[in-house]
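Results of the structural survey
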Amino acid sequence: MKRVVIVGSGGRLGAALGREYSNQFDIVGFNHAQLDLGTAEQMRATLGGLEFEALINTAAQTNVDRCETHQEEAFAINGEAPGVLAEICARKEARFIHISTDYVFDGEKRAPYTEEDEARPISVYGASKRAGERRALEANERALIVRVSWVFGPDRPSFIDWALNQAREHEEVSAIADKWATPTYTLDLAGLLQPFIANGQA
Ligand SMILES: NC(=O)c1ccc[n+]([C@@H]2O[C@H](COP(=O)([O-])OP(=O)(O)OC[C@H]3O[C@@H](n4cnc5c(N)ncnc54)[C@H](OP(=O)(O)O)[C@@H]3O)[C@@H](O)[C@H]2O)c1
């Protein structure tokens, strides 16, 4: 059975992946308390001696407002850490899957974004996540960067749950009307990523 490391296993997506994959892969999960992405030495010490075939990084500083006021922290966790994880994986020839975001785009386009579109982040969060994508690919050319948006699922409430609850409880709901995204269901993402781990699909 392939061993798969999930970094950020306490988060919305990390928890879902750990559970969904538990009967097909040997899952080793690290939550924030067990592995801090702010410390490169800790990442190298904890993961360097572990054998695994794939590592999925779902951990991030996801609080967009906090990123604006804590830029250094945002760039350390979202920007630098993915490069360290990618490098650790490259040494082991393990598949590195890194989760990124639609926030790498500026939102000016009036049609769905594709991989070919130029990333032009307009927030610290977006810029830090874009830096993480670059670092990961510089350190590991086989790294797989997966950009998702509005992640929702059973493991942690999200904007989607808020909207559904509001719609159930009120005749009218006040919400932002100038933002468009395609929500990503964590269990769908688990299914989509599975072949990349199981078959080592490029
Ligand atoms: N949520 C969205 O709508 C959304 C949209 C687009 C992209 N994404 C991306 O999707 C991925 C998964 O997001 P999610 O929705 O699962 O977010 P989440 O529930 O906030 O999970 C992120 C996890 O990262 C952990 N973390 C934060 N700082 C850390 C650090 N310094 N070291 C180690 N772990 C740390 C958090 O732990 P604590 O909670 O204990 O701090 C949390 O468990 C992230 O890469 C995010 O950028 C999310």
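Quick summary incoming for the structure in this document.

Rules used throughout
- Residues numbered from 1 in each chain as written.
- Predicted model: local features only at pLDDT ≥ 70, side-chain atom pairs only at ≥ 80, totals over all residues.
- Heavy atoms only, no water.
- Near = heavy atom within 4 Å.
- Polar contact = N/O pair within 3.5 Å; in protein donor to acceptor, adjacent residues only side chain to side chain.
- Areas by Shrake-Rupley, 256 points an atom, 1.4 Å probe, with all protein chains shown as cover.
- Helix = DSSP H or I, 4+ residues; strand = E, 2+ residues; numbered from the N terminus.
- Buried < 20%, exposed > 50% of the residue type's maximum accessible area, 1.4 Å probe, protein only.
- Right-handed = clockwise from strand over helix to strand, strands pointing away.
- Pairing = 2+ DSSP bridges.
- Axes fitted to C-alpha atoms, helices over the stretch in contact; angles between N-to-C directions.
- Parallel < 35°, antiparallel > 145°, perpendicular 65-115°, else oblique.
- Left-handed = near helix turned anticlockwise from the far one by under 90°.
- Contact = heavy atoms within 4.5 Å.
- Nonpolar A, V, L, I, M, F, W, Y, C, P; charged D, E, K, R; others polar.

With respect to spatial proximity, 23 residues lie near the ligand, and among them Arg12, Leu13, Thr62, Tyr125 and Lys129 are the closest. Between an oxygen atom of the ligand and a main-chain N or O atom of glycine 11, the distance comes to 3.2 Å. One nitrogen or oxygen atom from the side chain of tyrosine 125 is found 2.7 Å from an oxygen atom belonging to the ligand. Surface burial for the ligand is 85%, taken as the share of its 890 Å² of free accessible area covered by protein chains. Put simply, the parts of the chain that give the shell around the ligand at least two residues each are helix H1 (12-21), strand S4 (95-101) and helix H5 (124-139). Looking at which element gives the most residues to the shell around the ligand, the answer is S4, with three residues.

This next bit is on the pairing of strand S1 (residues 3-7). Regular strands have side chains that alternate between both faces of the sheet. For S1, the tally of buried residues reaches four of five residues, placing the bulk of the element in the interior. In this region the chain leaves S1, passes through H1 and returns to the parallel neighbour strand S2 (residues 26-30); the handedness of that crossover is right-handed. Here S1 runs beside strand S3 (residues 54-57); their pairing, made up of four bridges, is parallel. Bridge pairing links valine 4 to alanine 54 in S3.

Contact geometry of helix H4 (residues 71-92) with H5 gives a least axis separation of 8 Å together with a crossing angle of 20 degrees. Here H4 lies roughly parallel to H5, going by the angle between them. For the pair H4 and H5, the crossing hand works out as right-handed. Residues Gln71, Ala74, Phe75, Asn78, Gly79, Glu80, Pro82, Gly83, Ala86, Glu87 and Ala90 of H4 pack against Val124, Tyr125, Ala127, Ser128, Lys129, Ala131, Gly132, Arg135, Ala136 and Ala139 of H5. Residues of the contact of H4 with H5, tallied by class, amount to eleven nonpolar, six polar and four charged.

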